[in-house]
Amino acid sequence: MNEPSEWNIPKVIIKKKEAKKVFGNWLGKTIPQNEIATKLGLLLCQTGIPSTETCILEQNKENELQFNCRLKKQKRNIGISLIFEDVENFGDLIISTKEEIRTYEYHKQESKLSLRSRKKINELIKPWEQAQLQKPLIKQYSNHTGQN
């Protein structure tokens with residue numbers, strides 16, 4: 001196979017060592033540290049991320065298995081969550097956007113994802129909740145004297 005830089009996959013930049021360690025464990029303990037970003041690029045390509053894109057990954061402070069992926073060219077963020085399931089072969093990769101949540105089953109042996117479920121965000125929210133979300137938020141500010 002060609003050099004990883006020649007592959008037609010999204011570039012992945014992992015900001016912190018701890019995040020790289022979590023992804024390495026999820027991908028499979030035998031993955032060398034220098035190949036983690038490439039393996040992730042291969043998987044992100046399977047989720048529909050364009051090969052010309054760069055994903056800058058940062059770990060969520062509250063949950064070490066949740067990440068923010070800033071897509072540089074598209075200038076938008078997607079959420080990536082990892083689920084460790086079956087130590088033999090399977091784990092889940094969840095991609096969250098403003099529009100939908102897609103859950104992929106990760107097959108370690110083949111480094112392959114298969115779509116398990118796809119849910120539109122507006123299907124997850126009840127109609128009356130959607131109406132509430134569409135209302136503008138109004139903030140009241142008080143001055144330093146305590147009067148509005």
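In this report, we go over the structure that sits alongside the text. These numbers come from a predicted model, not from an experiment.

1. Focus on the sheet that holds strand S4 (residues 76-84)
Taking strand neighbours across the sheet as the criterion, the 7 strands line up as S1-S2-S3-S4-S5-S6-S7 in an open arrangement whose pairing is mixed. At either margin of the open sheet sits one strand with a lone partner, and together these are strand S1 (11-14) and strand S7 (112-120). Strand-to-strand twist across the sheet, computed as the mean angle between neighbouring axes with direction ignored, equals 25°. Helix H1 (residues 17-27) contacts S1, strand S2 (54-59), strand S3 (66-71), S4, strand S5 (90-96) and strand S6 (100-107) of the sheet and is inclined by roughly 50° relative to S4.

2. Remarks on the environment of Glu58
Tracing the backbone through its elements, the reader meets Glu58 in strand S2. Accessibility expressed as a relative area gives 40% for Glu58, which makes it partly exposed. Ignoring anything within four residues of it in the chain, the contact list for Glu58 reads Lys15, Gln66, Phe67 and Asn68.

3. A few points about the pattern of salt bridges
In total, this model carries 5 salt bridges according to the counting rule given. For Arg116, the salt bridge identified is with Asp92, shortest N-O distance 2.8 Å. Taken as a pair, Arg116 in strand S7 and Asp92 in strand S5 lie far apart in primary sequence, 24 residues in all. For Asp92, a relative accessible area of 3% corresponds to the buried category. Arg118 is the partner of Glu100 in a salt bridge, and the nearest nitrogen-oxygen pair spans 2.8 Å. Linking Glu100 in strand S6 with Arg118 in strand S7, this pair joins segments that are 18 residues apart in sequence. Each of Glu100, Arg102, Arg118 and Lys120 takes part in a single network of salt bridges with overlapping partners.

4. Notes on the environment of Ala37
For Ala37, the location among the structural elements is in helix H2 (residues 36-46). Each C-alpha atom, one on Ala37 and one on Leu57, is 9.8 Å from the other, the two residues being 20 residues apart in sequence. Apart from the residues within four sequence positions on either side, Ala37 is in contact with Val12 and Ile14.

5. Observations concerning the pairing of S7
By the bridge criterion, 8 bridges tie S6 to S7 in an arrangement that is antiparallel. Each bridged residue has a counterpart across the sheet, and for Glu105 the counterpart in S7 is Ser114. Counted along the chain from S6 to the antiparallel partner S7, the turn is 4 residues long, and its residue Ser111 has a positive phi close to 50°.

6. Comments concerning H1
When we look at burial in H1, the residues that qualify are Ala19, Val22, Phe23, Gly24, Trp26 and Leu27. Just past H1, the residue Gly28 takes up positive phi, approximately 140°.

7. Here's the deal with unusual backbone geometry
Its identity is not glycine, yet Lys75 carries a phi of approximately 50°, on the positive side. In this structure, Lys75 sits in the loop between S3 and S4. Non-glycine residue Ser111 carries a positive phi angle of around 50°.

Reading the values: rules and limits
- Residues numbered from 1 in each chain as written.
- Predicted model: local features only at pLDDT ≥ 70, side-chain atom pairs only at ≥ 80, totals over all residues.
- Heavy atoms only, no water.
- Pairing = 2+ DSSP bridges.
- Helix = DSSP H or I, 4+ residues; strand = E, 2+ residues; numbered from the N terminus.
- Axes fitted to C-alpha atoms, helices over the stretch in contact; angles between N-to-C directions.
- Contact = heavy atoms within 4.5 Å.
- Buried < 20%, exposed > 50% of the residue type's maximum accessible area, 1.4 Å probe, protein only.
- Salt bridge = Lys/Arg side-chain N within 4 Å of Asp/Glu carboxyl O.

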